[in-house]
Amino acid sequence: TNDSTKGITLLEIGESIEQTAPEKSMEYYREALATGQRIKNNKVIQSSYYDIGVCYINLNKMDSAIHFLETAIPFARLLNDTLGEAKLLGNIGNVWLHKKDQATAIEYYLRSARIWETCSDQRYLTMLYSNINALLDEQKEHNRALEFGNKAIALARKIGDNYSLVNGLVNLSTTYSH
């Protein structure tokens, strides 16, 4: 419908200006959310909550970011959007990491990884494994850290991702240095 197109267009405008005018982009996201809710379009609602959450990250309002990203998860599940759910969980992990709560960040990264493992697109998974490796290492969980570091390297080799391979090797060498 026209209103669905309007909601998507508002999100796209918001995304296009977010880096330079995050407060203004937030207005577009909120209008898209209201439109999605009015017409009961779950995809527009999910995308709005996601964009609002990411925008709050950029505005350094981490508690608000977590709230909106968490609120998007049931819509991702409703839409069977497994990649969307995995991205949401990964972003929530990033926020907890920013808030210096490594243990909670690891929980979210692991939940995200379990979903990514079921998806055909696994490019993001190498980075996730590498992040889990580094965080577990910081938490002095060296054996689990090695497990994820080795997973990161094996997957990076399998999919030919040289950047993630180098990143994984660097993280793994740090783990081995303990």
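These numbers come from a predicted model, not from an experiment.

1. Here's the deal with the overall build of the chain
Across its full length, the chain carries nine helices and zero strands. Helices and strands in the chain line up, N terminus first, as α-α-α-α-α-α-α-α-α. For the chain, the C-alpha atoms occupy an extent of roughly 55 × 30 × 25 Å along the three principal directions. When the 178 residues of the chain are sorted by exposure, 46% land in the buried category. Put simply, 52% of the contacts in the chain that link residues at least 6 apart link residues at least 24 apart.

2. Some thoughts on helix α5 (residues 82-98)
Taking 1.5 Å of rise per residue, the 17 residues of α5 would be expected to cover 24 Å, and the 24 Å separating its terminal C-alpha atoms lies within 8% of that figure. Buried residues of α5: G84, E85, A86, L88, L89, G90, N91, I92, G93 and V95, and no others. Packed against the buried residues of α5 are α3 (42-58), α4 (62-78), α6 (102-116) and α7 (123-138). Remark: K100 follows α5 within two positions and exhibits a positive phi of approximately 65 degrees.

3. A look at the packing of aromatic side chains
Pairs of aromatic rings are described using the distance from one ring centre to the other and the angle between the two planes. Evaluation of the coordinates by the stated rule reveals five aromatic pairs. Between Y49 and F68 the ring centres are 6.0 Å apart and the planes differ by 35 degrees, which places this aromatic pair in the tilted class. Remark: F68 occurs in helix α4 and Y49 occurs in helix α3; sequence separation between them is 19 residues. The burial state of Y49 is the same as that of F68; both residues are buried. With 5.1 Å between their ring centres and 40 degrees between their planes, W116 and Y124 make a pair best called tilted. Following the ring pairs from residue to residue traces out a cluster consisting of Y49, Y56, F68 and F75.

4. Some details on helix α2 (residues 22-39)
The end-to-end C-alpha distance of α2 is 26 Å, a good match for the 26 Å that 18 residues give at a rise of 1.5 Å each. Within the span of α2, buried status applies to P22, S25, M26, Y29, A32, L33, T35 and G36. Looking at the buried side of α2, the elements it contacts are α1 (2-17) and α3. Immediately beyond the C-terminal end of α2, within one or two residues, lies K40, with a positive phi of roughly 55 degrees.

5. Points about the environment of D63
Within the secondary structure layout, D63 lies in helix α4. Relative accessible area serves as the criterion here: at 54%, D63 is assigned to the exposed category. With 85 residues separating them in the primary sequence, D63 and F148 have C-alpha atoms 28 Å apart. Of the polar contacts made by the side chain of D63, one reaches the side chain of K99; its length is 2.5 Å.

6. Side note on the pattern of salt bridges
Taken as a whole, this structure holds ten salt bridges when the rule is applied. One salt bridge in this structure joins D3 and R38, with 3.1 Å as the shortest N-O distance. With D3 in helix α1 and R38 in helix α2, this residue pair connects regions lying 35 residues apart in the sequence. Its relative accessible area of 28% is what places D3 among the partly exposed residues. The exposed category is assigned to R38, whose relative accessible area is 51%. For K24, the salt bridge goes to E27, with nearest N and O atoms at 3.1 Å.

Procedures and definitions
Residues numbered from 1 in each chain as written. Predicted model: local features only at pLDDT ≥ 70, side-chain atom pairs only at ≥ 80, totals over all residues. Heavy atoms only, no water. Helix = DSSP H or I, 4+ residues; strand = E, 2+ residues; numbered from the N terminus. Buried < 20%, exposed > 50% of the residue type's maximum accessible area, 1.4 Å probe, protein only. Contact = heavy atoms within 4.5 Å. Expected span 1.5 Å × (residues − 1). Phe/Tyr/Trp six-rings, centres within 6.5 Å; stacked < 30°, edge-to-face > 60°. Polar contact = N/O pair within 3.5 Å; in protein donor to acceptor, adjacent residues only side chain to side chain. Salt bridge = Lys/Arg side-chain N within 4 Å of Asp/Glu carboxyl O.

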